[in-house]
Amino acid sequence: QLEARLSAQKASVRETDCPWLRSLSARCGMRCAAHWLILAAASILAAMLLGNSMVASAGAGDAPQPDESAATLAPTRSPLTSAVVETTTTATTTATKSGACGHMQIDDWDREGRLKMVLLAVDIGGGRFGNQLFTAAKSLVSAAAKKQPVLLQRVRALRFSQILRLPCLRSSLGLDDRVQALCEGCRADTLWEDRSPSCNRGRGCHQLLVSKGMLADPGGGGFHQDLAGWGDSPSKFRSLLRQVFDAPMPEAAKDVALPGAEDLVIYFRPFKKAQIFDIHMKNVRLSSPPLDFFRFAVDSAQVRQKGAKIWVLTDPSLRQHPTVQRIQRELGAELFVAMDKVGKQCWLADWLWMKAAKRLAIAPSTFAWWAAFLGQASEVYLPIMPGEVPMPWCRLFPDDTRFLFHDLWKNTSYHEASAAKNICLEYFDCPQKQCPLQQRPEEVAALFPELLALRHPQDVEYLNASGGKRLPVPSELPPAERLGVAEAATPVPAPAATPAPAPVTVKPAPTELPATGDAAVLRRHAGLYVDKARSLEFKDIVLLTVANAAYMDFLRNWECHAHRLGLDWVVLALDDEAWEKAVAGRRGALRASGNSSSGALEYLNKGFNLMSMNTLAAVFDVMDKGFDVVFTDSDNVFLSDPFAAGVSFGERIRTGRYDYIYQLNWPGPRPYQPGAEIHEGNTGFYFASLRRKPEPTRTLWQAVLKACSRNPQLDGQPNFWNALRGLRQERKPCFRVCQEQQMCNGTAEAEILDYCEMDPFRHRTGWGKRDKDGPVSYHANFKVGRASKISALKGMGLWRPTEEAWCAG
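Owing to the predicted nature of the structure, the values given are computational and were not obtained by experimental measurement.

Rules and cut-offs
- Residues numbered from 1 in each chain as written.
- Predicted model: local features only at pLDDT ≥ 70, side-chain atom pairs only at ≥ 80, totals over all residues.
- Heavy atoms only, no water.
- Helix = DSSP H or I, 4+ residues; strand = E, 2+ residues; numbered from the N terminus.
- Buried < 20%, exposed > 50% of the residue type's maximum accessible area, 1.4 Å probe, protein only.
- Areas by Shrake-Rupley, 256 points an atom, 1.4 Å probe, with all protein chains shown as cover.
- Disulfide = S-S within 2.5 Å.
- Salt bridge = Lys/Arg side-chain N within 4 Å of Asp/Glu carboxyl O.
- Axes fitted to C-alpha atoms, helices over the stretch in contact; angles between N-to-C directions.
- Parallel < 35°, antiparallel > 145°, perpendicular 65-115°, else oblique.
- Left-handed = near helix turned anticlockwise from the far one by under 90°.
- Contact = heavy atoms within 4.5 Å.
- Nonpolar A, V, L, I, M, F, W, Y, C, P; charged D, E, K, R; others polar.
- Pairing = 2+ DSSP bridges.

## Focus: the overall build of the protein chain
Each helix and strand counted, the protein chain has 28 helices and 23 strands in total. Each of the 809 residues in the protein chain was classed as buried or not, and the buried ones make up 54%. In the structure as shown, the protein chain presents an accessible area of about 34,400 Å², 52% of it carried by carbon and sulfur atoms.

Structure follows, in structure tokens:
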């Protein structure tokens, strides 16, 4: 048996690592086979024990100093390999059962005391890899501070999250078994989705743990992009986070050379790809740092004198960005493209490659911040921007001597994070609008000659509205004055022979209340049904849906089903083309103002966020005109009448008890506890009333629009629920869930906002097939992109946008 086992394992033991074994084999041959096998087994066992010992010692040590490398922290791990090197197939299987990546700091918890654990948050309701890391870090840091274990819930709905591509992200060793024992009766393979009667009487394992006070969720409720929330120096937690956020380089990228020890890696990322200045709610924000910041990093690192390479790494879609081209041309950088061959995991390969750099200069970005903080860099250059950027950048300055913070406006640098943060916040908060971005626009623009190449109207509007030297409209500039040469360092006036065109005018800020058309349109279509006498209790309710030009087929499909049910509705057109089509089709239509795209808007991109915020503002405007609103996305299709008697949604509206009725984000069949306070609902299907209790409802919606203006990196849904939770905690107004009587005791009825959910089994979000529960409505939620949504609707038999005869029937 030992001989057979060794044969299966021989690829894992290299003779070059055991010269004494190779020598013995040469001398003895088969005559010493027994001795050879015994010694090999001993070698394997010793290697395993040594590896585990080294990883345990790395996890138990003090916080690493800033100049320590990943190799120093964990000698048994390659800098770009996540798991401890295993020497046998059996050992690999055992390690998988006992926990990915071997023993980590999260495994050091009290197994004898009263069980208290922390939910390892990965579902943040939006945001990609960098944002997900900050949310998970909040959970890990909280657990470490309290010496509690972490519990990762791998629910099916989140299986495509980028953070779950990290193999060391798991529960503390031994915790999953304890939880399974606590949740007796719940299926092990579907522990977090199981809603069978035997699983906590249909309420599920998660609810059981919460009810027993065993599970805390410090990572819930936002992106947690503020290092002050960690409660201690970030360096104290770097070793822990390095372990949990470790990952192997994708196989297709393992032959790519890592940055040299003296190389400088520049990471460029703008918040708006096509512009420098972002005008939002009459605030001007900067989209990216100027070339001068990266030039400072090159000069400070003295890369040129040492003959090392300068790399520029950016998303493939940005490689033609004029700033990237200037970095190559003027700083002599080489564009890094080696990970293009990796395919879908190129984002992870780029991140790991950046982590391996010894010198980094990064634009404001959570993706790059984590690569710098967790990686091997001994020098990291961060910009202090002369104004606001669309993220809490100043609050991410770590107390870490590896980092140098450069104020590019004053040409001053800081090693001390607290001083750099204070300067940064002065620019960001801009008291009395005294920061350079508002007071000295021409000088700020001189840092960005790229704006003449980008030719974005908001860039022109920002400068022309300042009252200073007028910038010509980019489309009328002669070709030589469009960026491409370093000499274009300041805005260039139009040629004397060319009449000066009028300044460009940009539409109002995205979240200003849009002008939504004549109240007569709303009155004509109010009542929910074409037959206005059908349900007189609905006479002041408007059914509102939205569309942009790229999703007109979704609108046609939605209208097909609404027409079949005898419903009446109004369309909110989000762009000029959609407006023209809505009017041409003789439908009731409202016009949303503000910037919007007629193209396909993918979930969580900037256009999607803008659309969702404009939509919330439009709904508030309709309510302000004296109507209640039922709002629905056009991918939320009605199989049967959602307002009929006996249907969850319609019945709740009929009671007249609620100011807000929302759809649950319900990813599949699992325990449902009616009337529970939730973290975040779905803003793609809801009922809202301002008429019933004007003051508390107005307070809520004004807080929502304010949150949207402050957090444009989020779409409308998390902004809505963040605002609601904030008011709920302050009890201003008091929120009462599903008329639960013990809530809001002693509060005047006029100051209570009543809200409740619709049944998630009758009104489904992206799961299931038709069954005895219907559904009544099906929202193609948890589906990203047009193709995915269409496929989901086809699966439910609900995609018929062009079958006019069927629609008419």
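## So, the state of the cysteines
Two cysteines, two sulfur atoms, one covalent bond between them: this is a disulfide. For the coordinates displayed, the defined rule picks out six disulfides. Across a sulfur-sulfur distance of 1.9 Å, C734 and C744 are joined as a disulfide pair. Between C734 and C744 the sulfur-sulfur dihedral comes to about -95 degrees; the bridge is accordingly left-handed. Of the two residues, C734 is situated in strand β20 (residues 734-737) and C744 in the loop between β20 and β21 (752-757); the sequence distance between them amounts to ten residues. Residue C744 is classed as buried on the basis of its relative accessible area of 5%. The disulfide bridge from C738 ends at C756, spanning 1.9 Å between sulfur atoms. The sign of the S-S torsion, about 90 degrees, decides the handedness of the disulfide formed by C738 and C756: right-handed.

## Side note on the pattern of salt bridges
If you walk through the whole model with that rule in mind, you get 38 salt bridges. Ionic pairing is found between E443 and R440, a salt bridge with its closest N-O pair at 2.8 Å. The exposure class assigned to E443 is partly exposed, which follows from its relative accessible area of 41%. Relative accessible area serves as the criterion here: at 39%, R440 is assigned to the partly exposed category. Taking the shortest distance from any N to any O, the salt bridge between K693 and E749 comes out at 3.1 Å. In this pair, K693 is assigned in the loop between β19 (681-688) and α25 (694-710) and E749 in the loop between β20 and β21, connecting sequence segments 56 residues apart. K693 sits in the buried class, given a relative accessible area of 8%. A residue is classified by how much of its surface remains accessible, and E749, at 42% relative accessible area, is partly exposed. Each of D292, R295, R326, R329, E330 and E450 takes part in salt bridges that share partners, so that together they form one network.

## Comments concerning the packing of helix α13 (residues 346-355) against helix α14 (residues 366-374)
One way to put it is that α13 packs onto α14 with a least axis distance of 8 Å and a crossing angle of 40 degrees. Relative to α14, the element α13 lies oblique. In this structure, α13 crosses over α14, and the sense of that crossing is right-handed. Each of W347, W351, M354 and K355 in α13 lies in contact with α14, whose residues at this interface are F367, A368, W370, A371 and L374. Of the residues assigned to the contact of α13 with α14, the class counts are eight nonpolar, no polar and one charged.

## Comments concerning the sheet that holds strand β17 (residues 636-638)
Strand order in this open sheet of three strands is β17-β23-β22, and the pairing throughout is mixed. Every other strand in the sheet has two partners, leaving β17 and β22 (763-765) as the edge strands with one partner each. The mean angle between the axes of side-by-side strands here comes to 15 degrees, regardless of whether they run parallel or antiparallel. Sheet topology note: the β17/strand β23 (residues 777-779) ladder contains three bridges and is antiparallel.

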